[in-house]
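Structural description and commentary
Given next are the chains, with one letter for each unit.
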Amino acid sequence: MALYLHTLLFILPSLAAASRIPAVIVFGDSTIDAGNHDYILTLVKADFPPYGRDFPGGRPTGRFCKALGLPPTVPTYLDPSYSIQDFATGVCFASAGTGLDAATSNVVSVIPLRQEVELFKEYQKKLTGYAGEAKARHIIGEAVYVVSVGTNDFIENYFSPLADQRREQFTVEEHVDFLVDLAANFVSEIYRLRARKVCFIGLTPFGCLPTNRATNLMERGECMEEYNEAARSFNRKLQAMVGRLHASLPGLRLVYNPVYDFLLRVIRNPESYGKFAGGVRGGLPLQQMESQHLRRRGQVPVMAARSFI
């Protein structure tokens, strides 16, 4: 999530003045999951080192990311230590490993995106009970919604040897079209639930994820270009979809947040980014650490090293 901060600071002013944002509401996958998996039964966890090493306290908390927002952190909806009073200014429904396609979440038993929407509906009812109908409508209507999802639909679904349904059904470009249609449906659904200011983050160059670099048999340690091309295609079509929905849904302020090029520059020139360089170069050891942790738990490391750092 820290990798997205520079672009969020650029994008948020186009949605609303920071002083006028009553809440940040988050949907998506591990790129933006602040710890919901501590409270569900799944193999996908972030409760072990090196997770948390650059978070306050320096210890793993279950967060896959920093989840930066209006409060110091955006609280996870499933964490029982938080109340609706905390969620009134920000809430995270994200689930690591999920995707736009419901079949993706089934691969490793995580929260499907449609269930994140159901949790959002439940949240609205609680917010109305806490703040009253008028104030709740204001918070929902003026909040900024951050959506980051789609990578797992490729690496844990389409390109994965563990899931071949979509690969048999679609070419890569057809799969991209399928996912972008699902993204449009998702935005339309939260729009019907009164979301109006939505930031949809594009895909990263996920062919450069440590897992994919480590399994690149043709060029060991290099990024997988086929995967990166799929990400670029998705981003182009997502951006076009954003333009169409922005024009067709009255009052919707939908923006596309590009992160692909920035992250690729970091990966190719880590020394230009100071302390961050160690994280990029440390990606493959992180994969090994995650795999070893899952083996100690007696679990298959199907989701190792999904972040760049």
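Residues numbered from 1 in each chain as written. Predicted model: local features only at pLDDT ≥ 70, side-chain atom pairs only at ≥ 80, totals over all residues. Heavy atoms only, no water.

Looking only at helices and strands, the protein has 13 helices and 5 strands in total. Taking all contacts inside the protein whose residues are at least 6 apart in sequence as the whole, residues at least 24 apart take part in 69%. Carbon together with sulfur atoms contributes 54% to the accessible area of the protein, which is approximately 13700 Å² in total. (Helix = DSSP H or I, 4+ residues; strand = E, 2+ residues; numbered from the N terminus. Contact = heavy atoms within 4.5 Å. Areas by Shrake-Rupley, 256 points an atom, 1.4 Å probe, with all protein chains shown as cover.)

On to the side chain of glutamine 124, then. Looking at where glutamine 124 falls in the secondary structure, it is placed in helix H4 (residues 113-131). A relative accessible area of 10% means that glutamine 124 is categorised as buried. Residues within four places of glutamine 124 in sequence aside, it is in contact with Ile140, Leu193 and Arg194. (Buried < 20%, exposed > 50% of the residue type's maximum accessible area, 1.4 Å probe, protein only.)

The interhelical angle for the contact between H4 and helix H5 (residues 133-142), taken along N-to-C directions, is 135°, at an axis separation of 7 Å. It follows that H4 is oblique to H5 by the angle criterion. For the pair H4 and H5, the sense of crossing is right-handed. Touching Phe120, Tyr123, Gln124, Leu127, Thr128 and Ala131 of H4 are Glu133, Lys135, Ala136, Ile139 and Ile140, all from H5. Here the contact of H4 with H5 is composed, by residue class, of 7 nonpolar, 2 polar and 2 charged. (Axes fitted to C-alpha atoms, helices over the stretch in contact; angles between N-to-C directions. Parallel < 35°, antiparallel > 145°, perpendicular 65-115°, else oblique. Left-handed = near helix turned anticlockwise from the far one by under 90°. Nonpolar A, V, L, I, M, F, W, Y, C, P; charged D, E, K, R; others polar.)

Glancing now at the packing of helix H8 (residues 172-192) against helix H10 (residues 225-248). For the pair H8 and H10, the least separation of the axes is 9 Å and the interaxial angle reads 35°. Between H8 and H10 lies a crossing of right-handed hand. Contacts between H8 and H10 involve Val172, Glu173, Val176, Asp177, Leu179, Val180, Ala183, Ala184, Val187 and Ser188 from the former and Ala230, Ser233, Phe234, Lys237, Leu238, Met241 and Leu245 from the latter. For the contact of H8 with H10, the residue count by class is 12 nonpolar, 2 polar and 3 charged.

Our focus in this paragraph is the environment of threonine 171. With respect to the element layout, threonine 171 can be found in the loop between helix H7 (165-169) and H8. C-alpha separation for the pair threonine 171 and tyrosine 158, spaced 13 residues apart in sequence, amounts to 9.6 Å.

A few words on the pairing of strand S3 (residues 144-148). Of all 5 residues making up S3, 5 are buried, and the element is well covered by its neighbours. As paired strands, strand S1 (residues 24-28) and S3 are joined by 5 bridges and run parallel to one another. Each bridged residue has a counterpart across the sheet, and for phenylalanine 27 the counterpart in S3 is valine 147. The pairing of S3 with strand S4 (residues 197-201) spans 5 bridges and is parallel. Looking at S4, one finds that valine 147 is bridged to phenylalanine 200. (Pairing = 2+ DSSP bridges.)

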